[in-house]
Amino acid sequence: MAYDKELAAAIKAASLAARLCRKVQKALLQSDVRSKHGRNKSPVTVADYGSQALVSFVLQQEFPGEFSLVAEEDSIDLRKDGGGEIVERITKLVNESLTSDGSYGVSLSSEDVLKAIDSGKSEGGSQGRHWVLDPIDGTKGFVRGDQYAVALALLDRGNVVLGVLACPNLPLTSISVAHPHSPNNEVGCLFFAEVGRGTYMQLLDGSSTVKVQVSAVENPEEASFFESYESAHSMHDLSSLIAQKLGVKAAPIRMDSQVKYGALSRGDGAIYLRFPRNGYREKIWDHAAGSIVVTAGGVVTDAAGKQLDFSKGKYLDLDTGIIVSNQKLMPLLFDAVRASLAEKAKPQP
Ligand SMILES: Nc1ncnc2c1ncn2[C@@H]1O[C@H](COP(=O)(O)O)[C@@H](O)[C@H]1OP(=O)(O)O
Ligand SMILES: [Mg+2]
Ligand SMILES: [Mg+2]
Ligand SMILES: [Mg+2]
């Protein structure tokens, strides 16, 4: 109700971007992958840029006037010498997506595309409304041919009020430890949630919408947990200690990106553990959409039990890590996390 128009626009923008990403992933060339300028080694592809340009353009068409977007990518590298060819490829991809949709009847120039990418420079904060976008969350998974998500959320006065997670490679049926990728299954899901109205999953073409719910499992022995595929992103040894203390029997399900929140929101597993290495600062676009999608039955906190605060700009200010589970399991999980962190902090004999 309150955010109907925003939700419809977000679903449209994320679906179009997901289609663009799918096309690029199918034909991925090494030359499409660039490393970000020295700051870190995370890859960025034509699809990250194309997705950001497309979502930014669609949202600005739907909401002319006041517009604020906090997004991961910028055009600095693209504007450098030698970036011209890649900008042309991105522009072509964006225009092909807009033409296939047919709603806007425009063709963007390269400069329009660069401007659309750069309109994601807002800092967010506790006042007003801000869109929050990760155009491809899990770029490493995307490049590997695995899981990734287009993650879009809306902040209103510092709170996440809606979120859309498009997961082009997530099987429609439940994934498990034994079948994390299910190559024979149909893939491509989109999750959406609006504050107080539950979470829904549909196919990427918008059909077959169903209401979903986080698993209500209460016995940790029956619970399985998600964590990053990349051990550089989240400490696998710490999660395994937590799982052991909790009594979880199943092996971890390792997947890239906020797809983990999507899978959790429909009950594929009951726990998500994320413990980045020291010094890593979490960004709001890596958790905004995911965190609202799991609120139908789920709880998201940092390792100190505090709710995530999206009102402080583009970084999340949090203690040690992020944990997600259902309301019943959370107290047990929280105890296991505290005990494991204390054990790891003890000097080794
Ligand atoms: N060193 C890092 N530690 C933790 N997370 C990272 C690191 N580098 C990038 N990320 C981001 O973490 C998320 C991936 O986490 P996961 O390992 O759960 O898939 C992505 O948002 C990824 O960015 P990106 O959006 O560029 O892919
Ligand atoms: Mg990145
Ligand atoms: Mg990300
Ligand atoms: Mg990203």
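Residues numbered from 1 in each chain as written. Chains lettered and ligands numbered in written order. Predicted model: local features only at pLDDT ≥ 70, side-chain atom pairs only at ≥ 80, totals over all residues. Heavy atoms only, no water.

Named according to an unreviewed UniProt entry, the protein chain is 3'(2'),5'-bisphosphate nucleotidase originating from Gossypium tomentosum. Listed under Pathway (unreviewed entry) in UniProt, the entry text for the protein chain is "Signal transduction; phosphatidylinositol signaling pathway." (UniProt positions renumbered as here; feature names shortened; annotations may be inferred.)

## Here we look at the packing of helix α6 (residues 236–246) against helix α9 (residues 330–345)
Close contact between α6 and α9 brings their axes to 9 Å; oriented N to C, the two are set at 125 degrees. Regarding the angle of α6 to α9, the classification is oblique. In the crossing of α6 with α9, the sense of the turn from one axis to the other is right-handed. The residues of α9 that touch α6, namely those facing Asp-237, Leu-238, Leu-241, Ile-242, Lys-245 and Leu-246, are Leu-332, Leu-333, Ala-336, Val-337, Ala-339, Ser-340, Leu-341, Glu-343 and Lys-344. Its residues assigned to classes, the contact of α6 with α9 shows ten nonpolar, one polar and four charged. (Axes fitted to C-alpha atoms, helices over the stretch in contact; angles between N-to-C directions. Helix = DSSP H or I, 4+ residues; strand = E, 2+ residues; numbered from the N terminus. Parallel < 35°, antiparallel > 145°, perpendicular 65-115°, else oblique. Left-handed = near helix turned anticlockwise from the far one by under 90°. Contact = heavy atoms within 4.5 Å. Nonpolar A, V, L, I, M, F, W, Y, C, P; charged D, E, K, R; others polar.)

## Observations regarding the site of ligand 1
Near ligand 1 you find 15 residues, and of these Asp-137, His-233, Ser-257, Lys-260 and Asp-286 are the closest. Glu-72 is positioned such that a nitrogen or oxygen atom in its side chain is 3.1 Å from an oxygen atom of ligand 1. Here Asp-134 contributes a side-chain N or O atom positioned 3.0 Å from an oxygen atom of ligand 1. When isolated, ligand 1 has an accessible area of 550 Å², and the protein chains bury 87% of it. It is strand β4 (residues 129–137) that contributes the most residues to the shell around ligand 1, three residues altogether. Taken together, the residues of the shell around ligand 1 sort by class into three nonpolar, five polar and seven charged. (Near = heavy atom within 4 Å. Polar contact = N/O pair within 3.5 Å; in protein donor to acceptor, adjacent residues only side chain to side chain. Areas by Shrake-Rupley, 256 points an atom, 1.4 Å probe, with all protein chains shown as cover.)

## As for the coordination of the magnesium ion (ligand 4)
Listed as protein donors to the magnesium ion (ligand 4) are Glu-72 (OE), Asp-134 (OD) and Ile-136 (O); their distances from the metal cover 2.0 to 2.2 Å. Each donor residue of the magnesium ion (ligand 4) lies on one chain, and together they are spaced E-x61-D-x1-I. Between the magnesium ion (ligand 4) and the magnesium ion (ligand 2) the interatomic distance amounts to 3.5 Å, and Glu-72 serves as a bridging ligand to the pair. According to the relative accessible area criterion, Ile-136 is buried, its value standing at 1%. (Donors = N, O, S within 2.8 Å, 3.2 Å for Na, K, Ca; no water. Buried < 20%, exposed > 50% of the residue type's maximum accessible area, 1.4 Å probe, protein only.)

## Some words on the nonpolar core
As a rule of thumb, soluble globular proteins bury nonpolar side chains together. In terms of nonpolar packing, the biggest core is built from 54 residues, with Leu-59, Leu-78, Val-94, Trp-131, Val-150, Leu-152 and Val-164 touching the most fellow members. Here this core takes twelve residues from helix α1 (residues 4–26), the largest share from any one element. In terms of nonpolar packing, the next biggest core, distinct from the first, is built from 38 residues, Met-201, Ala-263, Tyr-272 and Ala-289 among them. (Core = buried A, V, L, I, M, F, W, Y, C linked by side-chain atoms within 4.5 Å.)

## Here we look at the domain arrangement of the protein chain
As assigned here, the protein chain comprises domain 1 (4–212) and domain 2 (220–345). Computed from C-alpha atoms alone, the centre-to-centre distance between domain 1 and domain 2 is 23 Å. Approximately 3,000 Å² of surface area, both sides summed, lies buried where domain 1 meets domain 2, with 68% of it carried by carbon and sulfur atoms. At the junction of domain 1 and domain 2, the tally comes to two salt bridges. Arg-144 is the partner of Glu-230 in a salt bridge, and the nearest nitrogen-oxygen pair spans 2.6 Å. In this structure, the connection of domain 1 to domain 2 is made through ten residue pairs in polar contact (both at pLDDT 80 or more). Of all the elements in the fold, those that place two or more residues in the side of domain 1 that touches domain 2 are β3 (69–71), β4, α5 (139–144), β5 (149–156), β6 (159–171), β7 (187–194) and β8 (199–203). Of the residues that constitute the side of domain 1 that touches domain 2, the class distribution is 28 nonpolar, twelve polar and eight charged. (Domains from an automatic or database assignment. Buried area = accessible area lost by both parts, 1.4 Å probe. Salt bridge = Lys/Arg side-chain N within 4 Å of Asp/Glu carboxyl O.)

## Quick notes on the pattern of salt bridges
Side chains bearing opposite charge may pair, as long as their charged atoms lie close to each other. Applying the stated criterion across every chain yields a total of 23 salt bridges. Salt-bridge contacts for Asp-237 lead to Lys-344; the nearest nitrogen and oxygen are separated by 3.1 Å. Residue Asp-237 is located in helix α6, and its partner Lys-344 is located in helix α9; the two are separated by 107 residues in the primary sequence. Between Lys-245 and Glu-343 there is a salt bridge, with the nearest N and O atoms lying 2.6 Å from each other. With a gap of 98 residues between them, Lys-245 in helix α6 and Glu-343 in helix α9 connect regions that are remote in the sequence. Lys-245 gets classed as partly exposed once you look at its relative accessible area, which sits at 38%.

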